Amino acid sequence: MLNAFRRKTERAPEDLQDRVPPGQYLTEKFPVLHYGDVPHYQNLEQTWDLRVWGAIESPKTFSYTEFRALPTIDVVTDIHCVTRWSKLDTRWTGVRFRDFLELLPPLQPGVTHVMAHCEYGFTANVPLEYLMLDDALLAYKYEDQELTPDHGYPLRLLTPKKYFWKSAKWLRGLEFMREDRLGFWERYGYNNSADPWLEERYSD
Ligand SMILES: Nc1nc2c(c(=O)[nH]1)N[C@H]1C(S)=C(S)[C@@H](COP(=O)(O)O)O[C@H]1N2
Ligand SMILES: [Mo]
């Protein structure tokens, strides 16, 4: 019955304080935030695929149908946006990143980071170890509904232990890397590490 006591955009009630990182407030809304246009797809089988490449024994491409046939799990997690809103107990459905990795050709030795590549060239870099956590997902449903275009349809990354900007929407590719490289927001002054509990919002 947590919900009944949750405020809209105020300080968290006492019992939820320990779930709200420093400098964040809780919201019941689901704000939409991104740079640029929202892609709209007509025929996903013809206009969409998911590619993996980089430091992997061979690149691989999943069609929409192939990807949607993969086993899914649900993840319930809190999300934290660098613009200071946090949302508790959001529920997502998708392919767990760790399980997805099992379906790929072996990675080459020394992979440390993954670059998420999105429609229109947006990128986000994430350490591989964060993608190996239980809550890292290639997500396509939110609260049991297909993602809306605004929130990343047909597929987004979910990496909830980082600020939400690394949860890249409109995901089209995953590049395995042997060293870190900055993604889109990271190049524009967001903190590369992006841990909400350490309040790593911007770089100096
Ligand atoms: N492709 C893409 N994904 C993106 C972004 C973007 O600009 N492009 N913005 C990020 C930022 S800054 C945030 S806070 C979250 C917002 O996700 P939402 O709109 O579903 O709340 O998406 C992230 N994913
Ligand atoms: Mo953001």
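No experiment lies behind these values; they were computed from the predicted model shown.

Digging into the side chain of Asp-135
Part 1 of the argument: As for its position among the elements, Asp-135 is in the loop between helix 4 (128-131) and strand 8 (137-142).
Part 2 of the argument: Among the polar contacts made by the side chain of Asp-135, one reaches the side chain of Lys-161 at a distance of 2.5 Å.

Considerations on the packing of aromatic side chains
Part 1 of the argument: In this structure the tally under the stated criterion is 20 aromatic pairs.
Part 2 of the argument: Measuring from centroid to centroid gives 6.4 Å for Trp-92 and Phe-164, while their planes differ by 55°, and the two rings are tilted. With Trp-92 in strand 5 (residues 85-96) and Phe-164 in the loop between strand 10 (156-158) and strand 11 (171-177), this pair connects stretches of sequence that are 72 residues apart.
Part 3 of the argument: By relative accessible area, which is 0% here, Trp-92 ends up buried.
Part 4 of the argument: Of the aromatic side chains, those joined through ring pairs into one cluster are Tyr-35, Phe-122, Tyr-163, Trp-165, Phe-184, Trp-185, Tyr-188, Tyr-190 and Tyr-202.
Part 5 of the argument: When the ring centre of Tyr-130 is taken as reference, the NZ or CZ atom of Lys-162 above it lies at 3.8 Å.

Re the environment of His-113
Part 1 of the argument: Of note, His-113 is situated in strand 6 (residues 113-118).
Part 2 of the argument: Note: C-alpha distance between His-113 and Met-177 (64 residues apart in sequence) is 5.2 Å.
Part 3 of the argument: When sequence neighbours within four positions are dropped, the list of residues in contact with His-113 reads Val-126, Pro-127, Leu-128, Glu-175, Phe-176, Met-177, Glu-179 and Asp-180.
Part 4 of the argument: Looking at His-113, its side chain comes within polar contact range of the side chain of Thr-112, at 2.8 Å.

Notes on the sheet that holds strand 2 (residues 49-54)
Part 1 of the argument: In spatial order, the strands read 3-2-11-6-7; together these 5 strands make up an open sheet with mixed pairing. A strand with exactly one partner marks an edge of an open sheet, and here the two such strands are strand 3 (60-63) and strand 7 (123-127). Here the strands of the sheet are splayed against their neighbours by 15° on average, with no regard to which way each runs.
Part 2 of the argument: Two elements, strand 2 and strand 3, share 4 bridges in a ladder whose sense is antiparallel. For Asp-49, the partnering residue across the bridge sits in strand 3 and is Ser-63.

What to know about the environment of Gly-94
Part 1 of the argument: Mapped onto the fold, Gly-94 is located in strand 5.
Part 2 of the argument: A C-alpha to C-alpha distance of 35 Å links Gly-94 and Asp-204, two positions 110 residues apart in sequence.
Part 3 of the argument: Contacts of Gly-94, omitting those with residues within four sequence positions, involve Pro-71, Thr-72, Ile-73, Leu-137, Leu-138, Ala-139 and Tyr-140.

Rules used throughout
Residues numbered from 1 in each chain as written. Chains lettered and ligands numbered in written order. Predicted model: local features only at pLDDT ≥ 70, side-chain atom pairs only at ≥ 80, totals over all residues. Heavy atoms only, no water. Helix = DSSP H or I, 4+ residues; strand = E, 2+ residues; numbered from the N terminus. Polar contact = N/O pair within 3.5 Å; in protein donor to acceptor, adjacent residues only side chain to side chain. Phe/Tyr/Trp six-rings, centres within 6.5 Å; stacked < 30°, edge-to-face > 60°. Buried < 20%, exposed > 50% of the residue type's maximum accessible area, 1.4 Å probe, protein only. Lys NZ or Arg CZ within 6 Å of the ring centre and 35° of its normal. Contact = heavy atoms within 4.5 Å. Pairing = 2+ DSSP bridges. Axes fitted to C-alpha atoms, helices over the stretch in contact; angles between N-to-C directions.

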